Amino acid sequence: PTFNKEYASMTIDEYARSPLCESNWMVRSLVNKMEGPLEPFDFAIAKEVIRQKCIIGLLDEMDETIRRFHSFFGFENEEALACARQKFAVAGGSQSNSHTHPKLDP
């Protein structure tokens, strides 16, 4: 349902310069300002919302990520932490959140 013949022949550059392209959609959503110009203050508010509402974990640092989530969410059960580390982070564990993929040619 999202296909539109009118836009099929547009290049990415044409689309980006058209009124169809949303301007800073994420910032607008975070500050609830979907129309009108954005100000530097809007960007500051959006960054603060992300800082307060988001927690980041890294797959390359899964053990630390699990500890961070455990602490952030206030889980006080050490058995649950050990289980999560064993299931998702520890080399040689079941790593049930891991999947093998074929190597890509460079």
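Residues numbered from 1 in each chain as written. Predicted model: local features only at pLDDT ≥ 70, side-chain atom pairs only at ≥ 80, totals over all residues. Heavy atoms only, no water.

1. Regarding the side chain of Ser18
Phase 1 of the analysis: Here Ser18 shows up in the loop between helix H2 (12-17) and helix H3 (25-31).
Phase 2 of the analysis: Overall, the relative accessible area of 15% leaves Ser18 in the buried class.
Phase 3 of the analysis: At a separation of 2.8 Å, a polar atom in the side chain of Ser18 contacts the main-chain carbonyl oxygen of Tyr15.
Phase 4 of the analysis: Looking at Ser18, its side chain comes within polar contact range of the main-chain nitrogen of Leu20, at 3.1 Å. (Helix = DSSP H or I, 4+ residues; strand = E, 2+ residues; numbered from the N terminus. Buried < 20%, exposed > 50% of the residue type's maximum accessible area, 1.4 Å probe, protein only. Polar contact = N/O pair within 3.5 Å; in protein donor to acceptor, adjacent residues only side chain to side chain.)

2. Concerning the pattern of salt bridges
Phase 1 of the analysis: What the rule picks out here adds up to 5 salt bridges.
Phase 2 of the analysis: The salt bridge partner of Arg85 is Asp63, with a shortest N-O separation of 2.4 Å. Of the two residues, Arg85 is situated in helix H6 (residues 78-88) and Asp63 in helix H5 (residues 62-72); the sequence distance between them amounts to 22 residues.
Phase 3 of the analysis: A single salt-bridge network, built from bridges that share partners, covers Asp63, Arg67 and Arg85. (Salt bridge = Lys/Arg side-chain N within 4 Å of Asp/Glu carboxyl O.)

3. Topic: the packing of aromatic side chains
Phase 1 of the analysis: Tallied over the full model, the rule gives 3 aromatic pairs.
Phase 2 of the analysis: Aromatic pair Phe72 and Phe73: ring centres 5.1 Å apart, planes at 90 degrees, arrangement edge-to-face.
Phase 3 of the analysis: Accessibility expressed as a relative area gives 48% for Phe73, which makes it partly exposed.
Phase 4 of the analysis: One aromatic cluster is present, formed by Phe69, Phe72, Phe73 and Phe75 through successive ring pairs. (Phe/Tyr/Trp six-rings, centres within 6.5 Å; stacked < 30°, edge-to-face > 60°.)

4. Description of the packing of H5 against H6
Phase 1 of the analysis: Two elements in contact, H5 and H6, have axes whose closest approach is 10 Å; the angle formed by their N-to-C orientations is 150 degrees. Of the possible angle classes, the one that applies to H5 and H6 is roughly antiparallel. Both H5 and H6 take part in a crossing whose hand is right-handed. On H6, the residues touching Met62, Asp63, Ile66, Arg67 and His70 of H5 are Glu78, Leu81, Ala84, Arg85 and Phe88.
Phase 2 of the analysis: Grouping the amino acids of the contact of H5 with H6 by side-chain chemistry returns 5 nonpolar, 1 polar and 4 charged. (Axes fitted to C-alpha atoms, helices over the stretch in contact; angles between N-to-C directions. Parallel < 35°, antiparallel > 145°, perpendicular 65-115°, else oblique. Left-handed = near helix turned anticlockwise from the far one by under 90°. Contact = heavy atoms within 4.5 Å. Nonpolar A, V, L, I, M, F, W, Y, C, P; charged D, E, K, R; others polar.)

5. Some details on unusual backbone geometry
Phase 1 of the analysis: With phi around 55 degrees, Asn24 is a residue other than glycine that occupies positive phi space.
Phase 2 of the analysis: Considering the arrangement of structural elements, one finds Asn24 in the loop between H2 and H3.
Phase 3 of the analysis: A residue is classified by how much of its surface remains accessible, and Asn24, at 38% relative accessible area, is partly exposed.
Phase 4 of the analysis: Although it is not a glycine, Asn32 adopts a positive phi angle of roughly 55 degrees.

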